[in-house]
Structures are given as structure tokens and as C-alpha cells.
Amino acid sequence: MRRTLLQMGPLFEHTQKSYEENYDIHKLWEAADQDALIESIADRCTGVVTDGGKGVSNAVLEKLPNVKVITVFGVGVDAIDLDYCKNNQITVGNTPDVLSDDVADLAVSLALATCRQVAFGDRYARDGKWPKQGPMPLTTRMSGKTAGIFGMGSIGDSLAKRLSGFDMPIKYCNRSAKSGCAYEYVDTAVKLAKDVDFLFITASANENTVGAINNKVLDALGTNGYLINVARGTLVDETTMVDYLVNRKIAGAGLDVFENEPGIPKALLSLDNVVLQPHNASGTWETRKAMGELSLSNIAAFFDNKPLPAKVI
Ligand code: 8YV
């Protein structure tokens, strides 16, 4: 039996094809009248396919009483109300681990690009400034500096392995110390920021972490400190961060994520101490393929009454 699923937004081509081959897929973002589409499938739609950014609202779920599974193409499930899902016996699956290496790779790239001013150097070379103005200004070293990781999950762990290769002492802050973790545990974000040169944000966004990186944390990071965020924009107080970057109250930032994506605060666009990415940390062919396969396995397992390979609730 082909199950009817509502899809919230486009997915990686390969994954999209598999969904369309195996399920009766209804694409919400393509519907001229979204309410009419939802109403037309309400009696038979049993699942929702979405990604980490879009999630699915309670307003949509309320109109689809037969939905019992949501499969998220992404690790973050902050765009879904998990309490609502629990109360309505809706199972949620996501795609952890398969993306950790690529997200960690991008975090390292952003850190290096920021302190070594790679994007600035690229513009300097392209704009023909080298022959006219001579060498670009000196930059700041990353190797050997201290790294702080806020959120020591699978991504934090992959990141720590990479940073160790840059001879960086590593400290981390988590809800609690992880048993068997070789790195130094610090119990608050402020203390972590005070101790490190590079503060990496890899925690998941939830009610305990939203706004966690505030003015106190940025003050502790200080004028020589770099902030790298590959988690969610909502973990950082963005207005404050922009002020700290504009006024050089921190040294710089490498940002893959923002509070109101795809919007990026205008003030960041002209800053040379900031390197920006359009939320692309998991954006490689290899990882997106693996995420798609896991997302499909989750939903297939649900309909086969089997344990989901990656179940959130
Ligand atoms: C994706 C993400 O870019 O995993 C997450 O939570 O934010 C990213 O890997 C996102 O799901 C969009 O496809």
C-alpha cells in the first residue's frame, strides 16, 4: 500500500526521487492553495516529510489527525513541537551522526577562514589590491590556541577530533560532563568562553539552549575571541552578537546559521571580521545522500512496525 505523505519543502534530488517512487507525496510548497491541499488529503495522510529548518507547525498537524510519523531530513528538531507530538502519539525520526563529520569540517573551515581572513584575502587578490597595495594585513593563528565546544554531542565530538590535530587544547560545556570524555568539562558557557580563544557552538537548539550565547558569554570571550556557530542561530542573541562584531568587542565570527534564515543581519554583510555561509554545513553530496537514506529508513521502519534507526520520540 502506498502511504500518503505531506512534504513541507524540497529535498535533495536523490532522496526526492525515492520518496516519489515509494509514497504518494504531496508537496505543500508547490500548492497554490495550501489549505485546500491539506484538506484534500486529511483523511488519508499518515506522515510528514520535512527538513530541520522547516519542521512542521502544530497548525498543520492539527488539520491532519491521521499523521503518526514525522521524518526530518536533518538532526535538529527544534522546528517541531515535540510535546505536541508526544501528546498526540506522533513518532519523530531525524538524521543524526551521518552529518557530523561534514558539519565539523565546516566548523573548522569557518574558524580558519575567520582568523586567517581567507574570504578577505580572496577579495584582496581578486580586486587587484596585492600589486597596488602590497601584502594583505597580517592575520591571527588558530593552531595551538584553546578551543571551547558548546555542546559535546556527535558533532562536538567530531569537531574535537579535528581540532586536536591543530594542537588545540579542548574544553567543553554540556548539560553534564560526559563520562569517558577526554576533554576538560566546564559547567557554564561564560566560564567556557572566558577560558578559550575559539568558541564553537554545536549544541542542539531547545528550551535550555536558546539565547545561551548572550552578552555575558561574549564579554567573557573578549576582544581576541572568535565565535563559530554551526548549530542554530537561535542559540545566540543575534542582536548582541552583531553589536559585538561591529564594535570589535569580539575578534570575529564564522556563521553558518542565523536567527531568521534565510535572512542575514545586514550589518554583518560589510564586516571583514565575519565569514558567512548560507546554512550549508551538511551540504555535501555524500552527507545529503546519507541523510536522505536515513530519513527514508526511518519512515519505512515506522510503517513496517519496526524500531526507527534514528528515533527522537
Ligand atoms: C540541514 C540541519 O541543512 O541537520 C540539521 O539540523 O540544519 C541541516 O543539516 C537542514 O535540515 C536542511 O536540509
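Since the structure is predicted, the reported quantities are computational estimates derived from the model, not experimental observations.

Chemist: What should I look at first to understand the sheet that holds strand 2 (residues 24–27) in this one?
Modeler: Note on sheets: strands pair through backbone hydrogen bonds, and any given pair is parallel or antiparallel. Spatial ordering of the open sheet is given by 2-1-3-4-5, a layout of five strands whose pairing is parallel. The sheet is open, and its two edges are formed by strand 2 and strand 5 (91–93), each paired on a single side. Direction aside, neighbouring strands of the sheet carry axes that sit 20 degrees apart on average. As defined by bridge partners, strand 1 (residues 4–7) adjoins strand 3 (residues 45–51) across four bridges and the pair is classed as parallel. Bridge pairing in strand 3 links L5 to G47. Packing against the sheet, helix 1 (residues 13–22) makes contact with strand 1, strand 2, strand 3 and strand 4 (69–73), and its axis sits at approximately 125 degrees to strand 2.

Chemist: Would you explain the side chain of T4 in this entry?
Modeler: Relative to the helices and strands, T4 is located in strand 1. The class for T4 is buried, based on a relative accessible area of 5%. Once you skip the residues sitting within four places of it in the chain, T4 turns out to touch D24, H26, I41, R44, C45, T46 and G47.

Chemist: Quick question: what am I supposed to make of the sheet that holds strand 7 (residues 170–173) here?
Modeler: With parallel pairing, the seven strands of this open sheet are ordered in space as 8-7-6-9-10-11-12. Of all the strands in the sheet, the pair left with one neighbour each is strand 8 (184–185) and strand 12 (274–276). Of the strand pairs in this sheet, strand 11 (residues 252–255) and strand 12 are connected by three bridges, and their pairing is parallel. Directly across from G254, in strand 12, lies its bridge partner V275. Packing against the sheet, helix 5 (residues 100–115) makes contact with strand 9 (198–201), strand 10 (226–229), strand 11 and strand 12, and its axis sits at approximately 150 degrees to strand 10.

Chemist: What is the right way to read the pattern of salt bridges from this model?
Modeler: Two side chains of opposite charge can pair, provided their charged atoms sit close to one another. Applying the stated criterion across every chain yields a total of 16 salt bridges. When the shortest N-O distance is used, the salt bridge between K63 and D35 registers 3.2 Å. Here K63 is found in the loop between helix 3 (58–62) and strand 4, whereas its partner D35 is found in helix 2 (residues 34–41), with 28 residues between them in sequence. The partly exposed category is assigned to K63, whose relative accessible area is 40%. K171 serves as the salt-bridge partner of D195, at 3.2 Å between the closest nitrogen and oxygen. With D195 in helix 9 (residues 189–195) and K171 in strand 7, this residue pair connects regions lying 24 residues apart in the sequence. In this structure, a network of salt bridges that share partners links the residues D101, D105 and R162.

Rules of the game
Residues numbered from 1 in each chain as written. Predicted model: local features only at pLDDT ≥ 70, side-chain atom pairs only at ≥ 80, totals over all residues. Heavy atoms only, no water. Pairing = 2+ DSSP bridges. Helix = DSSP H or I, 4+ residues; strand = E, 2+ residues; numbered from the N terminus. Axes fitted to C-alpha atoms, helices over the stretch in contact; angles between N-to-C directions. Contact = heavy atoms within 4.5 Å. Buried < 20%, exposed > 50% of the residue type's maximum accessible area, 1.4 Å probe, protein only. Salt bridge = Lys/Arg side-chain N within 4 Å of Asp/Glu carboxyl O.

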